[in-house]
Amino acid sequence: MSDAPDPVVERNPNESVASFEHHSRGALARLQHFLHRFPTMVPVIVLVLSLIAFGLISPNFFSAFNLSLIMQQVAVVGTLAAAQSLVILTAGIDLSVGAVMVMISVIMGQLAVNFGIPVPIAILLGLGCGALTGGLNGLLVTRLKLPPFITTLGTWNIFLALNYYLSGRETIRSQTLDAEAPLLKLFGERFNLGGAVLTWGVVLMLLVFAVLWYALNKTAWGRRVYAVGDDPESAALAGIQTKRVLMSVYMIAGVICALAAWSSIGRVGSVSPTSFFESNLESITAVVIGGISLFGGRGSILGPLIGALIVGVFNSGLRLAGVDVLWQLFATGWLIIVAVAVDQWIRKISS
Amino acid sequence: MTQPLLTARNLVKRYGRVTALDHADFDLYPGEILAVIGDNGAGKSSLIKAISGAVQPDEGEIRLDGQPVSFASPLEARKAGIETVYQTLALSPALSISDNMFMGREIRKPGVMGKWFGMLDKPAMDKFARDKLTELGLMTIQNISQPVETLSGGQRQGVAVARAAAFGSRVIILDEPTAALGVKESRRVLDLILDVRSRGIPIVLISHNMPHVFEVADRIHIHRLGKRLCVINPKEHSMSDAVAYMTGAKLPEGVAA
């Protein structure tokens, strides 16, 4: 080679200043980088594999009816998981989502049935109460600077107690709702879509995820939520009002819990103060399996939707295969551990 | 002589019993690089935080262009055109270069989508970020949407400086910009600093690295025991003089003990 510059040598003008080091990486490191860029691929792969596996085991699994049943079963917890995702993206956790949901369903039911308030207004008041519960969590976290875990552990108990107080520990029965407040059961109503039977609750869940996806990825607010979860001090120094962002996150999460409450009335068919007792932990499960990092700032909002579906698919598939219920729990447990282990591994890339 | 652009007089900041700033003064002239040096605990970071709005002084006055200002937050200082590159860089590692450059001042799409639905104008943001990095000779980064955590230390520093240079219309403050960098990368950042000055924007440089300070600074502000001890010209003093003043081993001329 001579030293004279060869004008024909490909010299992209952009590349003349671009010299990014490319190390040759092993297959494992390449996988790590791929998952780092697309963290949602982990749950997607798990979902596809489990669909294939259960489809092979039980022939009924792939029927439109069964698949739509799975959607119906995960609709309420999936909606809650959307709220949970927002909080976890800010490196927090919300243990109160389940209690908020049940309490709001009681508030909506009581206002509409026992206080004779027009149903649409009762629903709006319920949504407002959802914002208030989130506002309380948000205030405790931002003003008193309490850790979100402790804050929501406290409010979980408080909301549970209020739930029993407001309901008088009594269930509003399905017939009563049909007669006096049928609108409350809206999200339990079914419709046909090419052989699949879906409920409006499923549509609500998908809609909530779609709106959140837009807000988190396409708006300044979304970028700020990620920045606050990623590194709150850096975000504050970069000029973000982190308290305001956190308040908005908790309040929106509260409103989504209230939507889930409305949806849950349709799912159960009645207003029961003792329903969905484990839904807060189930929502966290969906978020973690969905690849959102518990340390905040990482993961796609669509992950928890897939995470909720994975849990639904496992439950349905194992049931169809005639496996004891305890193995559903067993499988879910391992899924959580594997999901978090994978997250830790992916995060190592930055160090 | 020209008027100073940014001045501080008699700044006092106490943390409980500790007096971090004890009637400290500060002057920055247009178009200069002013280095601020001082021993650990001398209060230079408190001084810088007061100027950049991260801390509110208990007493004293800060003037920008002769007008008294008081910044309640870094956001307000930024609005006044004072940009700070913190030692921690204040970048969000998981977000992209372009997201980081626009953190807190994103561009929205024109029309209904931007106004009512808050949609970001990503193409415009990416283009601006790319232009700014190229301007500073920092386009060693191919993908403007790659997360900051995948960049090297020098590249991250470059992104943070580019962000400050892109928006800092009046003053840019750099806190220990070369502390975490290797020789080559430090060189890059120093060139970057000189480049920013050549655009007429004055720079406040906080550093422990004497060779770097003496290489780029026009004047050196020596901070000691919570106040300004003196300002020296690096051409008339040696590094060992500066270190002696800083540590109190020697007193500069004209300063009473």
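Here the structure is a predicted model, which is why all the values come from computation and not from measurement.

Details of the overall build of chain B
Here's step 1: Counting secondary structure elements, chain B contains nine helices and ten strands.
Here's step 2: For a compact globule of 257 residues, the expected C-alpha radius of gyration is about 18 Å, and chain B comes in at 19 Å, within 12% of that figure.
Here's step 3: Each of the three principal axes of chain B carries a C-alpha extent, and together these read 65 × 40 × 40 Å.
Here's step 4: Split into buried and exposed, the 257 residues of chain B put 45% on the buried side.

Some thoughts on the overall build of chain A
Here's step 1: Of the regular secondary structure elements, chain A holds 14 helices and two strands.
Here's step 2: Projected onto the principal axes, the alpha-carbon positions of chain A cover approximately 90 × 55 × 35 Å.
Here's step 3: Out of the 351 residues in chain A, the part that is buried amounts to 47%.
Here's step 4: Taking all contacts inside chain A whose residues are at least 6 apart in sequence as the whole, residues at least 24 apart take part in 77%.

Describing the sheet that holds strand β3 (residues 33–38) of chain B
Residues and elements named next belong to chain B.
Here's step 1: Ordered in space as β6-β7-β8-β3-β9-β10, the six strands form an open sheet in which the pairing is mixed. Looking at the sheet topology across the chains shown, the edges are occupied by β6 (82–85) and β10 (227–232). Sheet twist, expressed as the average angle between the axes of neighbouring strands with direction ignored, equals 20°.
Here's step 2: Two elements, β3 and strand β8 (residues 203–206), share four bridges in a ladder whose sense is parallel. Its bridge partner lying in β8, Ile33 is registered against Ile203.

Points about the UniProt feature "transmembrane region" (unreviewed entry) in chain A
Residues and elements named next belong to chain A.
Here's step 1: Here the UniProt feature "transmembrane region" (unreviewed entry) sits at residues 38–57, 95–113, 119–141, 148–166, 193–216, 245–265, 285–314 and 326–346.
Here's step 2: In residues 119–141, helix accounts for 100% and strand for 0%; the two terminal C-alpha atoms are 33 Å from one another.
Here's step 3: What you have in residues 285–314 is 60% helix and 0% strand, and the ends, taken at the C-alpha atoms, are 13 Å apart.

Quick look at the sheet that holds strand β4 (residues 59–64) of chain B
Residue and element names in this part refer to chain B.
Here's step 1: Pairing is antiparallel across the open sheet formed by four strands, whose spatial order is β2-β1-β4-β5. Edge positions in the sheet fall to β2 (18–28) and β5 (67–69), since each has one partner strand and no second. Looking at each pair of strands side by side, their axes are set apart by 30° on average, direction ignored.
Here's step 2: Inspection of the sheet shows strand β1 (residues 6–15) paired to β4 by five bridges, in the antiparallel sense. The residue bridging Leu6 from the neighbouring strand is Leu64, located in β4.
Here's step 3: Running over the sheet, helix α1 (residues 44–52) touches β1, β2 and β4 and is turned about 60° from β2.

What to know about the interface of chain A and chain B
Here's step 1: Tallying the contact residues gives 22 residues for chain A and 24 residues for chain B.
Here's step 2: For the side of chain A that touches chain B, the secondary structure elements donating two or more residues are α9 (220–230) and α10 (232–237) of chain A.
Here's step 3: Tallying contributions element by element places α9(A) first for the side of chain A that touches chain B, with six residues.
Here's step 4: The residue inventory of the side of chain A that touches chain B, partitioned by class, reads eleven nonpolar, six polar and five charged.

Calculation rules
- Residues numbered from 1 in each chain as written.
- Chains lettered and ligands numbered in written order.
- Predicted model: local features only at pLDDT ≥ 70, side-chain atom pairs only at ≥ 80, totals over all residues.
- Helix = DSSP H or I, 4+ residues; strand = E, 2+ residues; numbered from the N terminus.
- Rg over C-alpha atoms; globule rule 2.2 N^0.38 Å.
- Buried ≥ 20, exposed ≤ 12 C-beta atoms within 10 Å, placed from the backbone.
- Contact = placed C-beta atoms within 7 Å.
- Pairing = 2+ DSSP bridges.
- Axes fitted to C-alpha atoms, helices over the stretch in contact; angles between N-to-C directions.
- UniProt positions renumbered as here; feature names shortened; annotations may be inferred.
- Nonpolar A, V, L, I, M, F, W, Y, C, P; charged D, E, K, R; others polar.

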